[in-house]
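What follows is the residue order along each chain.
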Amino acid sequence: MSKQKIVVVGNGMVGHKFIDTLVNDTKGDQYEITTFSEEPRLAYDRVQLSAYFSGSTAEDLAMTTPQYYDERGVRYLLNDKVTGIDKAAKTITTEKGDVESYDKLILATGSYPFVPPIPGNDQPHCLVYRTIEDLEAMTASAKQSRIGVVVGGGLLGLEAANALKNLGLEVHVVEFAPRLMAVQLDEAGGNLLRSKIEALGVQVHTGKATQNIVDGQDNRYRMEFADGTHLETDMILFSAGIRPQDELARQFDLDIGERGGIVINNECQTSDPDIYAIGECALWNNRIFGLVAPGYSMAKVAVSHLTGGDDTFEGADMSTKLKLLGVEVGSIGDAHGNTQGSLSYVYSNGAEQIYKRLIVSADNKKLLGAVMVGDTSDYGTLLPIMLTGMDLPSNPETLILPVSDGEAGGMGVDALPDEAQICSCLDVTKGDLIESIHAGNQTVADLKSCTGAGTGCGGCAAMVGQVLNAELEKMGVEVNNNICAHFDYSRQELFDIVRTKKYTSFQQLLSDHGQGHGCEICKPAVASMLATQWNEYVLKDEHLPLQDTNDVFLGNMQKDGTYSIVPRMAAGEVTPEGLIVIGEIARDYNLYTKLTGGQRIDLFGAQLHELPPIWKRLVDAGFETGHAYGKSLRTVKSCVGSTWCRYGMLDSVSMAILLEMRYKGMRTPHKVKMAVSGCTRECAEAQSKDVGVIATDKGWNLYLCGNGGMRPRHADLFATDLDDETLIKYIDRFYMFYCHTADRLQRTSVWMENLEGGLDYLKDVIINDKLGICDNLEEDMSRVIDTYECEWKKTIESPERLKRFAHFINSDAPDENLAYVEERGQRRPASEAEKRGFPGGEQAIPAIELVD
Amino acid sequence: MSDSWISVCDESVLIPDTGICAKVGNEHVAIFKVAGSGELFAISNVCPFGKASVLSRGLIGETNGALYVASPLLKQRFRLNDGVCLDDDEVTIATYPVRVTEGQVEVAA
Ligand code: SRM
Ligand SMILES: Cc1cc2nc3c(=O)[nH]c(=O)nc-3n(C[C@H](O)[C@H](O)[C@H](O)COP(=O)(O)OP(=O)(O)OC[C@H]3O[C@@H](n4cnc5c(N)ncnc54)[C@H](O)[C@@H]3O)c2cc1C
Ligand code: SF4
Ligand code: FES
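This write-up is about the structure you can find in this document. (Residues numbered from 1 in each chain as written. Chains lettered and ligands numbered in written order. Predicted model: local features only at pLDDT ≥ 70, side-chain atom pairs only at ≥ 80, totals over all residues. Heavy atoms only, no water.)

Turning to the overall build of chain B, a few remarks are in order. Helix and strand counts for chain B stand at 0 helices and 12 strands. The helix and strand sequence of chain B, counted from the amino end, reads β-β-β-β-β-β-β-β-β-β-β-β. Within chain B, the proportion of its 109 residues that are buried is 55%. Nonlocal contacts in chain B, meaning residues at least 24 apart in sequence, comprise 38% of its contacts between residues at least 6 apart. If you sum the accessible surface of chain B, you get close to 4,600 Å²; carbon and sulfur atoms cover 47% of it. (Helix = DSSP H or I, 4+ residues; strand = E, 2+ residues; numbered from the N terminus. Buried < 20%, exposed > 50% of the residue type's maximum accessible area, 1.4 Å probe, protein only. Contact = heavy atoms within 4.5 Å. Areas by Shrake-Rupley, 256 points an atom, 1.4 Å probe, with all protein chains shown as cover.)

Below you can see the structure in the form of structure tokens.
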């Protein structure tokens, strides 16, 4: 039987989904698939496009690979635009002149950005945001610009504004409508979003119609608005909506909608039954769907119809939840309350800048829509209620009111019916998840790979976890907090065992209380506990196999396998002589040198064999290890304080040095950071540290459990006006209590949030000694302090240890894979492309140096 | 075959459950000695994800009886006996015969 020929025009997200679904179908082998793309690469994840600015590469965004297509017999022609369709002969032609015949033709041509017809809109720094090439153009333009304007304050426009901000520009958003995200938000929601975005430094101009783009006086361009005002800028990014790419349908006589879009029926066929249209180019029931999930549904429907199935497309929900410029925004269903007789519930919290509105039916029984700005934690509960048409609880407002202590708020995942959609990107319902859980997928990771839930935008991950835990609990599976498969204990329980039974080795602990051989989770965790408790030399033979490479070589491994060197520089203080030694070492070993965010100097790019001689010179000059590699105290940041500063209340530098010298080397469940400020102006940012100290006119205020990093948390004020002695006593107790009770790799911020009783309880334990353990805590701490030794000093003194500091055990040769490129007067690792001899080509690389 | 064995170091250099890297011809070979059994394994030292020569510096772990090394860069796990990556079944790295003869660790590559 000869195969049916399928031609797919466009290899975007939806075109690829169609191909992937068809080749994985049981009847997949009956088709011969060819796809054409106008773009130079196969499908990539447009939804995550902005991630490109935070370091993702085109490869990271790719949704498939040439190999994947090759292995499945899918032909692909890139950089080849389809320009003609002959419906009678059933062939298509391309720009390059290729002719290809088809039995079924699939149009998945997506859409293109709409650029309003403003005179001057075609200049070099007027750009759009849709493809990887667009991003490259933005990046290039941003390098020569200071100010950027985004035209359009919708979803994509705000995402683009974020991208420009990340590129370091001063950003303005110009919107024609009177408010931001007019489609998804109501007036109050739009206004709150605006004030939040403005607070982040993005300037918003609403109700502005641009009439002309002319040369600027101070900047490259000037935008002239209908109301007579103007705005100067160096680049302009149009994000004023999308238009379906229906050019082929227009030219070759397929039905199109009044305002564009290729008309399709419920089977996704166009007016020619042998031609299908799917994704953003398709118009169903007079609607275009500018999101990826409906496009995926269309792709599945088209495959089903082709292979004799009976799936149909029945529209899609356009609810959205996202984080724009760090602001959470959610919109569900009828966000504007357009339904006849609908009622609203509004919750507005001025202090925390949160706005939520529910739109419910006239009889108060059904949820019609919702708007959320500043807090979208209810999105996951509300969306399924709206989609499944479940009855609302008798007081619908409880669904958006904040939960007060101890009281269960709203409805949990448990209340949702099985049909409730949990992952809208991949269309996975609660029922699908439950089925998969019963089939043995009992971790979030397994559920993800088995059902696909959470692999799109990632927004549903928390819900997936909740469904999993609720279901496991129902199945009677104990949701345990065991550290890993080798120990049936939590970290806290293991620590208790180590302390009370005085274990000093992992092997002994494993054979008495664990099973198997251990792993990369339990080994470093136990090493950390042993170190907190007994503080033995971390490179002792027994402890060596437990440590991550950073601890084994007392430096942080970098991407190319070399290490960094961070000498301790307590409180950020350093003598000129010290600086000179560091400078000489960096010069002699050609180390990339940079100040860290922790007030000290980092030297990058040392090879294993170079570490000992470098550290020898540092130790001889009086430096100690900075423990940048350990789960231990990092830095105590300080401001200059009363010794120099005219506002300083106390000597913050001396206190910071005292604290850093006291706690250096202490191993903790995760790293800990501290800071001391000399007055309430807080130049040392103490309130963002695990332990923060701020001077007052009466003593020290102590702040605990702050955090920068992935999820910043302000520290809690724990005690005020302390004298030096009490301050140190409290910090000793605090650290040791944290060491004894936290989970592995749990920062103090998260530990505090999970501590039953919270801050008040912590005060009871540490200040009032409620548990009667303070003496022990202090004793444990003084053992750590008394047994401190500089690991690098000890290491360079023992020739036995130094043998490991070589790339090869049997040769003095260095690692010949290392290659460097000079940039701004220093060297950095060469990228893969640079190592291959720069096939990318455009950028001139000054020099590439191979290590010999 | 026997003349292709290359001696790389004294067995006493190997600390149980850690690895070292040896240069065998042009190959970077990671050699591990397992705690308890004392068994030896040799695999490529190059992490195919991070494209750096570092695997001998990874932690050794065990899952369902299989021993592996976790890359020190991004923690992908490679099974010691056959080089299969446990986190991406499309990736396998080279393995090499290894043995101890008269106290010397020898690799064939
Ligand atoms: C070098 C430095 C960046 C710089 O060039 O400035 C840095 C570099 C690294 N940071 Fe950092 N962080 C550095 C300051 C910070 C700061 C700022 C600060 O300390 O004031 C923060 C935010 C503050 C905080 O932690 O609360 C910070 C938040 C993180 C996080 C997120 C932690 C969190 O709880 O969310 C990680 C990831 C982790 O630890 O799991 C991280 C992890 C890392 C690692 C260890 C990642 C890695 O495994 O390769 C980097 C390696 C360091 C190296 O190779 O030497 N780094 N990192 C800074 C070293 C400071 C120092 O002198 O020791
Ligand atoms: C910055 C950005 C952020 C987004 N964020 C989200 C989000 O958070 N959530 C969400 O659901 N959606 C989001 N979207 C929308 C989502 O990306 C689209 O819905 C999805 O990509 C549509 O898929 P598609 O295959 O229909 O179109 P596309 O992915 O655009 O693919 C169409 C392809 O066809 C090619 N093509 C067109 N005409 C021809 C021709 N004649 N010959 C050959 N090839 C042709 C095009 O070059 C293109 O490669 C975002 C879009 C952008 C730009
Ligand atoms: S925190 Fe206060 S004392 Fe310290 S530098 Fe700033 S203003 Fe001066
Ligand atoms: S909702 Fe986007 S990944 Fe699940």
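Let's shift gears to the overall build of chain A. Broken down by element type, chain A carries 26 helices and 40 strands. A buried classification covers 51% of the 852 residues belonging to chain A. In chain A, the proportion of contacts linking residues at least 24 apart, taken out of those at least 6 apart, comes to 61%.

This paragraph deals with the site of ligand 1. Residue and element names in this part refer to chain A. Near ligand 1 there are 19 residues, and of these Gln 558, Thr 596, Gly 597, Arg 600 and Gly 708 occur at the shortest range. Arg 600 places a polar side-chain atom, nitrogen or oxygen, 2.7 Å from an oxygen atom of ligand 1. In this structure, Asp 602 approaches ligand 1 through a side-chain N or O atom, which is 3.0 Å from an oxygen atom. Considered class by class, the residues forming the shell around ligand 1 number 1 nonpolar, 11 polar and 7 charged. (Near = heavy atom within 4 Å. Polar contact = N/O pair within 3.5 Å; in protein donor to acceptor, adjacent residues only side chain to side chain. Nonpolar A, V, L, I, M, F, W, Y, C, P; charged D, E, K, R; others polar.)

Residue and element names in this part refer to chain A. Surveying the vicinity of ligand 2 reveals 29 residues, the closest of which are Val 14, Glu 39, Arg 130, Glu 280 and Val 292. The contact in question runs from an oxygen atom of ligand 2 to an N or O atom on the side chain of Arg 130, over 2.6 Å. For ligand 2, an oxygen atom lies 2.9 Å from a polar atom in the backbone of Val 292. When isolated, ligand 2 has an accessible area of 990 Å², and the protein chains bury 91% of it. For the shell around ligand 2, the leading source of residues is helix α1 (residues 13–23), giving 3 residues. Partitioned by chemical class, the residues of the shell around ligand 2 number 12 nonpolar, 9 polar and 8 charged.

Residues and elements named next belong to chain A. For Ser 145, the location among the structural elements is in the loop between α4 (132–143) and β10 (147–151). For Ser 145, a relative accessible area of 11% translates into the label buried. At 2.8 Å, the side chain of Ser 145 forms a polar contact with the backbone oxygen of Ser 141. Polar side-chain contacts of Ser 145 include one of 3.3 Å to the side chain of Arg 220. If near-sequence neighbours (up to four positions away) are discounted, Ser 145 is found in contact with His 125, Leu 169, Arg 220, Asp 234 and Met 235.

In summary, soluble globular proteins display a tendency toward joint burial of nonpolar side chains. Residues and elements named next belong to chain A. Leu 659, Tyr 663, Leu 702, Ile 731, Tyr 735 and Leu 762 are the most contacted members of the largest nonpolar core, which totals 64 residues. Among the elements that make up this core, the one with the highest residue count is helix α20 (residues 724–741) (10 residues). Setting aside residues no more than four positions away along its own chain, Ile 731 makes contact with Leu 659, Tyr 663, Met 674, Val 691, Val 693 and Leu 702. Judged by nonpolar contacts, the second largest core, of 50 residues, contains Tyr 537, Leu 539, Trp 615 and Phe 623. (Core = buried A, V, L, I, M, F, W, Y, C linked by side-chain atoms within 4.5 Å.)

Moving on, we get to the interface of chain A and chain B. Frequently, the measure chosen for interface size is the accessible area removed from exposure when the parts meet. Facing the 36 residues of chain A at the interface are 34 residues of chain B. Taken together, both faces of the contact between chain A and chain B bury some 2,700 Å²; the carbon and sulfur share is 57%. A per-residue breakdown of the area chain A buries against chain B is headed by A:His517, A:Glu520 and A:Ile809, which together make up 24% of the total. Where chain A touches chain B, the interface holds 2 salt bridges. For B:Asp17, the salt bridge goes to A:Lys523, with nearest N and O atoms at 3.1 Å. Connecting chain A to chain B are 17 residue pairs in polar contact (both at pLDDT 80 or more). Here the side of chain A that touches chain B is composed, by residue class, of 12 nonpolar, 13 polar and 11 charged. (Buried area = accessible area lost by both parts, 1.4 Å probe. Salt bridge = Lys/Arg side-chain N within 4 Å of Asp/Glu carboxyl O.)

Okay, the packing of α1(A) against helix α8 (residues 292–306) of chain A next. All names here are of chain A. Between α1 and α8, the shortest axis-to-axis distance is 9 Å and the interhelical angle comes to 35°. Between α1 and α8 the crossing geometry is right-handed. Packed against α1, whose contacting residues are Met 13, Val 14, Lys 17, Phe 18, Thr 21 and Leu 22, the element α8 presents Val 292, Gly 295, Tyr 296, Ala 299, Lys 300, Ala 302, Val 303 and Leu 306 at the interface. Residues belonging to the contact of α1 with α8 are distributed by class as follows: 10 nonpolar, 2 polar and 2 charged. (Axes fitted to C-alpha atoms, helices over the stretch in contact; angles between N-to-C directions. Left-handed = near helix turned anticlockwise from the far one by under 90°.)

For the rest of this paragraph, the subject is helix α6 (residues 187–199) of chain A. Residues and elements named next belong to chain A. In this model, α6 (13 residues) spans 18 Å end to end at C-alpha, consistent with the 18 Å of a helix rising 1.5 Å per residue. Among the residues of α6, Gly 189, Gly 190, Leu 192, Leu 193, Lys 196 and Ile 197 are the ones counted as buried. The buried side chains of α6 occupy one side of the element, clustering within an arc of 165° when seen end-on. Turned more than 90 degrees from where α6 packs its buried face, Glu 187 and Ala 199 sit exposed. As for α6, its buried residues are in contact with α5 (155–166), β12 (203–205), β23 (327–333), β25 (354–360) and β26 (367–373). Trailing α6 by a residue or two, Gly 201 shows a phi angle of about 95°, which is positive. (Expected span 1.5 Å × (residues − 1). Arc of directions from axis to C-beta.)

A separate point is the sheet that holds strand β32 (residues 601–606) of chain A. Strand pairing in a sheet takes place through backbone hydrogen bonds and is either antiparallel or parallel in direction. Residue and element names in this part refer to chain A. Within the open sheet, the 4 strands sit side by side as β29-β30-β32-β31. Their pairing is antiparallel. Unpaired on one side and paired on the other, β29 (556–557) and β31 (592–595) mark the two borders of the sheet. The pairing of strand β30 (residues 563–565) with β32 spans 3 bridges and is classified as antiparallel. Considered in β32, the bridge of Tyr 563 is made with Ala 606. Of the strands in this sheet, β30 and β32 touch helix α18 (residues 611–620), which is tilted by about 5° from β30. (Pairing = 2+ DSSP bridges.)

For the rest of this paragraph, the subject is the sheet that holds strand β35 (residues 691–696) of chain A. All names here are of chain A. Spatial strand order, β33-β34-β35-β36-β37: 5 strands in an open sheet with mixed pairing. Looking at the sheet topology across the chains shown, the edges are occupied by β33 (633–638) and β37 (716–722). Averaged over all pairs of adjacent strands, the angle between strand axes in this sheet comes to 15°, irrespective of strand direction.

All names here are of chain A. In total, this model carries 51 salt bridges over all chains according to the counting rule given. The salt bridge partner of Glu 471 is Lys 474, with a shortest N-O separation of 3.9 Å. On the criterion of helical spacing, the pair formed by Glu 471 and Lys 474 is a turn pair, its members being 3 residues apart in helix α12 (residues 461–474). Here Glu 471 falls in the buried class, since its relative accessible area comes to 9%. For Lys 474, a relative accessible area of 56% corresponds to the exposed category.

All names here are of chain A. Relative to the helices and strands, Asn 556 is located in strand β29. At 3.3 Å, the side chain of Asn 556 and the backbone oxygen of Ala 628 are in polar contact. Engagement of the side chain of Asn 556 in a polar contact is seen with the backbone nitrogen of Tyr 629, the distance being 3.3 Å. For Asn 556, the residues in contact, after removing those within four places along its chain, are Asn 550, Thr 562, Tyr 563, Ser 564, Ala 628 and Tyr 629.

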